[in-house]
Amino acid sequence: MNPDRLTVLVAAYNEAASLPVLHPRILSALDALAGFDTRVLYVDDGSRDATWTVLQQFAARDTRVSVLRLSRNFGKEAALTAGLDRIEDSAVVILDADGQDPPELIGQFVAKWREGFDDVYGTRIEREGEGWIKRATAHVFYRVIGRLSNTPIPADTGDFRLLSPRAVAALRELRERHRFMKGLFGWIGFNRTSIAYQRESRLAGASKFNLWRLWNFAIEGITSFSTAPLRLSTYLGVLTALVAFVYGIWIIVKAMLWGDPVAGWPTMMSVILFLGGTQLVALGLIGEYLGRLYEESKRRPLYLIDEWHPATGVSSELVSQTEGGSHAQRTAPAPGESA
Ligand code: UDP
Ligand code: MG
């Protein structure tokens with residue numbers, strides 16, 4: 001294992017215009033890192049333009065560059081997964097191909113990694129070249145998912161981040177089909193810290209994420225990392241059943257005291273309300289089990305281990321010494337173990 005290997009992972013879809021500008025910036029950022037075995041891995045996510053040709057030229061010119069091409073456009077999440085699957089014993093910096101995530105920050109990311117952090121993520125303080133609609137929807141999205149999900153998903157954080165080798169290994173253990181990367185990064189835990197940065201505008205071309213795609217992306221995130229929507233029907237059902245019950249009693253009492261001009265209406269109304277309420281409760285109940293089934297079907301590891309210090313069986317003097325040092329210096333522990 002080489003702890004000093006660093007791979008820059010870039011997913012690119014129709015980025016032939018941006019890549020020639022971005023590539024030299026990545027290389028010079030890597031050149032500035034002394035004492036690291038640095039690599040760059042480009043994943044062409046089924047581009048229709050000259051992206052693949054451009055990437056092949058990069059690879060021909062520099063032995064540090066690997067290129068991978070998917071058979072069609074699978075989406076950024078799948079492209080990143082494909083890249084991460086091919087990275088062995090290496091820390092990873094993930095950045096966008098359009099230059100919105102400045103490679104010049106790699107040095108800062110690495111410094112944090114050296115301090116012992118496993119997940120160093122970039123938090124945007126400004127989003128240049130993005131309309132207010134995109135900013136507002138992003139804002140709402142991060143707040144909603146933060147409320148609904150138990151997984152910590154930092155706000156205003158994209159995929160721009162550095163992952164330590166063991167964080168990459170942990171991420172690889174999550175094999176669920178619906179991959180909401182922001183959530184998966186949060187799920188693996190470990191020591192995390194953020195670096196604030198200004199999100200620049202695209203070098204060329206337009207964003208591939210229009211509002212419709214973002215909406216679907218948001219639904220993907222919420223349904224992948226929360227079963228709250230399923231629980232909604234339980235609450236709705238209980239509420240309706242309760243209201244129906246009270247209203248039903250009122251209709252019956254009213255009919256008994258004063259009679260009702262429409263024959264049969266009170267009976268019919270109470271039956272309908274009662275059945276409607278119980279059906280919603282039953283649906284909610286099914287939803288609860290469905291939610292559990294859904295959690296199980298993801299087959300995520302039950303836990304990941306950060307550190308483990310088994311009893312050594314030697315004198316207490318020695319134990320207290322190792323305890324003092326365990327937090328200050330992290331000697332590459334084994335990657336997360338699954339259950
Ligand atoms: N991307 C990808 N596959 C896709 C769409 C996008 O690999 O189907 C890449 C794209 O080339 C870029 C990154 O994902 O490197 C972010 O895409 P984009 O800039 O369009 O999104 P935005 O920055 O507007 O959120
Ligand atoms: Mg972009």
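Computed from a predicted structure; not experimentally measured. (Residues numbered from 1 in each chain as written. Chains lettered and ligands numbered in written order. Predicted model: local features only at pLDDT ≥ 70, side-chain atom pairs only at ≥ 80, totals over all residues. Heavy atoms only, no water.)

Here we come to the overall build of the chain. Summing up its helical and strand segments, the chain has eleven helices and seven strands in all. Computed over C-alpha atoms, the radius of gyration of the chain comes to 27 Å, more than 25% over the 20 Å expected from 2.2 N^0.38 for 339 residues, which places it beyond the range of a compact globule. Evaluated residue by residue, the chain yields a buried proportion of 42% over its 339 residues. Restricting to contacts in the chain with at least 6 residues of sequence separation, those with at least 24 account for 83%. Counting only carbon and sulfur atoms, one obtains 61% of the accessible surface of the chain, whose full area is about 18,500 Å². (Helix = DSSP H or I, 4+ residues; strand = E, 2+ residues; numbered from the N terminus. Rg over C-alpha atoms; globule rule 2.2 N^0.38 Å. Buried < 20%, exposed > 50% of the residue type's maximum accessible area, 1.4 Å probe, protein only. Contact = heavy atoms within 4.5 Å. Areas by Shrake-Rupley, 256 points an atom, 1.4 Å probe, with all protein chains shown as cover.)

Next up on the list: the packing of helix 9 (residues 228-258) against helix 10 (residues 265-297). Axis angle and axis distance: for two packed helices, these are the angle between their axes and the distance between the axes, and together they describe the pair. Two elements in contact, helix 9 and helix 10, have axes separated by 8 Å at closest approach and are oriented at 165°. Classed by the angle they form, the pair helix 9 and helix 10 counts as roughly antiparallel. Regarding helix 9 and helix 10, the two cross each other, and that crossing is left-handed. (Axes fitted to C-alpha atoms, helices over the stretch in contact; angles between N-to-C directions. Parallel < 35°, antiparallel > 145°, perpendicular 65-115°, else oblique. Left-handed = near helix turned anticlockwise from the far one by under 90°.)

Turning our attention to the UniProt feature "transmembrane region" (unreviewed entry) in the chain. Those places that UniProt annotates as "transmembrane region" (unreviewed entry) correspond, in this numbering, to residues 232-253 and 265-290. The span residues 232-253 is 100% helix and 0% strand, and its two end C-alpha atoms sit 32 Å from each other. For residues 265-290, the helix share is 100%, the strand share is 0%, and the end-to-end C-alpha distance is 37 Å. (UniProt positions renumbered as here; feature names shortened; annotations may be inferred.)

The next thing to look at is helix 6 (residues 165-172). Burial analysis of helix 6 places six of its eight residues in the buried class, which makes it a mostly covered element. Considered for burial, the residues of helix 6 that qualify are Pro 165, Arg 166, Ala 167, Val 168, Ala 170 and Leu 171. Those residues of helix 6 that are buried are in contact with helix 3 (76-85), strand 4 (91-96), helix 4 (106-114), strand 6 (157-163) and helix 7 (181-188).

Attention now goes to the coordination of the magnesium ion (ligand 2). Asp 98 (OD) and Gln 100 (OE1) make up the full set of protein donors to the magnesium ion (ligand 2), lying at 1.8 to 1.9 Å. Residue Asp 98 shares its accessibility class with Gln 100, and that shared class is buried. (Donors = N, O, S within 2.8 Å, 3.2 Å for Na, K, Ca; no water.)

A separate point is a nonpolar patch on the surface. On the surface, Phe 245, Tyr 247, Ile 249, Trp 250, Val 253, Leu 257, Trp 258, Val 262, Trp 265, Val 271, Phe 274 and Leu 275 cluster together into a nonpolar patch covering about 1,200 Å² of accessible area. Every element with two or more residues in the nonpolar patch is listed here: helix 9 and helix 10. Examining the composition of the nonpolar patch, we find that seven residues originate from one element, helix 9, more than from any other. (Patch = residues over 30% accessible without salt bridge, like charges linked within 9 Å, V, L, I, M, F, W, Y side chains within 5 Å. Salt bridge = Lys/Arg side-chain N within 4 Å of Asp/Glu carboxyl O.)

This part covers the environment of Val 93. The topology assignment puts Val 93 in strand 4. Accessibility expressed as a relative area gives 0% for Val 93, which makes it buried. As for Val 93 and Ile 106, which are separated by 13 residues in sequence, their C-alpha atoms are 7.4 Å apart. Here Val 93 is in contact with Leu 6, Thr 7, Val 8, Leu 9, Ile 106, Phe 160, Arg 161 and Leu 162, once residues within four sequence places are set aside.

Contacts to ligand 1 come from 19 residues, most closely from Asp 45, Asp 98, Gln 100, Ser 207 and Lys 208. At a separation of 2.5 Å, an oxygen atom of ligand 1 approaches a polar side-chain atom of Asp 98. For ligand 1, the accessible surface in isolation is 540 Å², of which the surrounding protein chains cover 95%. The class makeup of the residues in the shell around ligand 1 is five nonpolar, four polar and ten charged. (Near = heavy atom within 4 Å. Polar contact = N/O pair within 3.5 Å; in protein donor to acceptor, adjacent residues only side chain to side chain. Nonpolar A, V, L, I, M, F, W, Y, C, P; charged D, E, K, R; others polar.)

A few words on unusual backbone geometry. At Asp 89, a position not held by glycine, the phi torsion is positive, near 45°. By secondary structure assignment, the location of Asp 89 is in the loop between helix 3 and strand 4. Overall, Asp 89 belongs to the partly exposed group, its relative accessible area being 37%.

For the pair helix 1 (residues 19-31) and helix 2 (residues 51-61), the least separation of the axes is 11 Å and the interaxial angle reads 25°. By the angle between their directions, the pair helix 1 and helix 2 is classed as roughly parallel. Of the two possible hands of crossing, helix 1 and helix 2 adopt the one that is right-handed. Contact with helix 1, carried on its side by Leu 19, Pro 20 and His 23, involves Thr 51, Val 54, Leu 55 and Phe 58 of helix 2 and no other residues of that element. When its residues are assigned to classes, the contact of helix 1 with helix 2 shows five nonpolar, two polar and no charged.

Let's shift gears to helix 4. Among the residues of helix 4, those classed as buried are Ile 106, Phe 109, Val 110 and Trp 113. Down the axis of helix 4, the sector holding all buried residues measures 95°, keeping them to one side. The positive-phi residue at the C-terminal boundary of helix 4 is Gly 116, with phi of around 115°. (Arc of directions from axis to C-beta.)

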